[in-house]
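Chain by chain, the residues run as shown.
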Amino acid sequence: MGSLATTWLTGPLGLGAADWLQLLLHFTLLSLLAVGGAITTAPDMQRFVVAERGWMSSADFTSSVALAQAAPGPNVLFVAVIGFNVGGLAGVVATMVGTLLPSTLLTLSVTRWGAKHSQARLLRAFNAGMAPLTLGLLLATGWVLLEPHVAGAPLTVALAAAATVAFIRWTRLSPLWAVLTGAVAGAAGWLD
Amino acid sequence: MNAGTDEPPALRTPASPGEMFRVFTRMALQGFGGVLPVTQRELVERQRWLSPQQFVEMLSLAQVLPGPNVVNLALMIGDRFFGTRGAAAAMAGLLAAPLVVVIALAVLALQLQAHPWAAGALKGMGVVSAGLVIATASKLAGSLRSNPLGLPLCVGAALLALAAIGVLRWPLVGVVLALGATSTALAWWKLGR
């Protein structure tokens, strides 16, 4: 019971002080780079927690994002699930504070400085200039999430992903139905 | 700043930060696959805290700023009515209840992960999640046709970002700073002509 409680509080990895600091600082940095929303920074989060630190597998990373998609609330909560799987509730605090604090302070400063400048040429140029980057980063995120599952059954996995895109583009139904269908198909072993 | 003729007759002011917290909590719990689609209906049509024009202006600024768009929007609306306390109430409303739900799901997933069907279900959800992100990208692709950069430059920048981050797995900092600065500078130049 004691070890289970520890897992929930600080995670299964026994992270040291330096690890906590790096976790917090990495997510703080990503906060200010998340111009197209938090999900565009997912490839770099994966690079950090999977490839660089080995804190979780790439399949677990994808599952963390998937759990957040299945739950109600802002998409940014996928960050909390990654934090939980790396460092328990302390990991949730480190990743969420890192992700939200810098962008929150910036948003409040800009709001008070004046939303009336929002049509200024520099802001329009920034908006236009970042749009294609956001598109590229979203595609990269899709690929990074898909990659751990491609090797087993490449054709079925590609078809399932394409069917999801079609479902979102051509129906008005909630994305939750797509997630639930995926869960059933996966549980039945169709993607193995 | 004058009220236009198409402005709804009676905008309302939220009574307290507590009311903001409750309204944002309700919106957050309705939002599967993102809360942004729910916000317009709730804030403009049901609560009438903002006119449609005010909503669009705030949303476009929230989308330009780094950070989760819907969190930025909540901060701006909270700040507009109650300053820092309002911003904190709106953001807490948006995040607190869904955070409890999602952590409970994560705990449940940890308990179940030994079962092959649970691992399979997570795999299926993961593949769909990737599809959802790609679908968001495909919606965004349509809007690039009206981008001042022009389509060829947009496609080039998107492919460079995809290759650098998705394939070469370079760190995001350098890619966003270098590619973002170049792309923004080009857009600045095109807008000035």
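This is a predicted model, so every value here is computed, not measured.

S.K.: An account of the nonpolar core is needed here, citing residue identities and associated values.
M.R.: Judged by nonpolar contacts, the single largest core of 116 residues is most densely connected at Leu77 and Val81 of chain A together with Ala74, Ala90, Leu94, Val102 and Ala161 of chain B. Residue contributions to this core peak at 19 residues, all from helix α4 (residues 69–112) of chain B. In terms of domain composition, this core takes at least three residues from each of domain 1 (17–112) and domain 2 (131–192) of chain B. Non-local contacts of valine 81 of chain A, meaning those with residues more than four positions away in its chain, are made with Ser64, Leu67 and Ala68 of chain A together with Val102 and Ala106 of chain B.

S.K.: Just give me the short version of the confidence of the model for chain A, but keep the residues and values in it.
M.R.: When the pLDDT values of chain A are averaged, the result is 92; 95% of them are 70 or greater. Element-level mean pLDDT values for chain A span from 76 in helix α1 (residues 2–10) of chain A up to 97 in helix α3 (residues 42–52) of chain A.

S.K.: Could you give an account of the interface of chain B and chain A, with specific residues and numbers?
M.R.: Buried accessible area, meaning the area lost when the parts come together, often serves as the stated size of an interface. On the side of chain A, 91 residues touch chain B, which itself brings 84 residues to the contact. When contributions to the side of chain B that touches chain A are tallied by element, the ones reaching two or more residues are α1 (17–30), α3 (52–64), α4, α5 (116–143), α6 (151–167) and α7 (172–192) of chain B. Tallying contributions element by element places α5 of chain B first for the side of chain B that touches chain A, with 22 residues. Classifying every residue of the side of chain B that touches chain A gives 59 nonpolar, 21 polar and four charged.

S.K.: An account of helix α6 (residues 121–150) of chain A is needed here, citing residue identities and associated values.
M.R.: Residue and element names in this part refer to chain A. An ideal rise of 1.5 Å per residue puts 44 Å on 30 residues; α6 measures up with 43 Å between its terminal C-alpha atoms. Considering bend angle alone, the principal kink of α6 is centred on alanine 131 and spans about 30 degrees; proline proline 132 follows within four residues of it. Within α6, 21 of the 30 residues are buried, leaving the element largely enclosed by the surrounding structure.

S.K.: Talk me through unusual backbone geometry; I want residue IDs and the actual numbers.
M.R.: All names here are of chain B. The backbone phi angle of arginine 48 is positive, close to 55 degrees, even though this residue is not glycine. Assignment of secondary structure puts arginine 48 in the loop between α2 (36–46) and α3. Owing to 14 C-beta atoms within 10 Å, arginine 48 belongs among the partly exposed residues under this scheme. For arginine 169, which is not glycine, the phi torsion reads 55 degrees and is therefore positive. Considering the arrangement of structural elements, one finds arginine 169 in the loop between α6 and α7.

S.K.: Got a sec to walk through α3 of chain B? Specific residues and values, please.
M.R.: Residue and element names in this part refer to chain B. Taking 1.5 Å per residue, 13 residues should reach 18 Å; α3 reaches 19 Å between its end C-alpha atoms and fits that length. The set of residues buried in α3 consists of Met58, Leu59, Leu61 and Ala62. Seen end-on, α3 carries its buried residues on one side only, within an arc spanning 165 degrees. In this structure, the buried residues of α3 make contact with α4.

Calculation rules
Residues numbered from 1 in each chain as written. Chains lettered and ligands numbered in written order. Predicted model: local features only at pLDDT ≥ 70, side-chain atom pairs only at ≥ 80, totals over all residues. Core = buried A, V, L, I, M, F, W, Y, C linked by C-beta atoms within 7 Å. Buried ≥ 20, exposed ≤ 12 C-beta atoms within 10 Å, placed from the backbone. Helix = DSSP H or I, 4+ residues; strand = E, 2+ residues; numbered from the N terminus. Domains from an automatic or database assignment. Contact = placed C-beta atoms within 7 Å. pLDDT = per-residue confidence, 0-100. Nonpolar A, V, L, I, M, F, W, Y, C, P; charged D, E, K, R; others polar. Expected span 1.5 Å × (residues − 1). Bend = angle between axes of the 7 residues up to and from the residue. Arc of directions from axis to C-beta.

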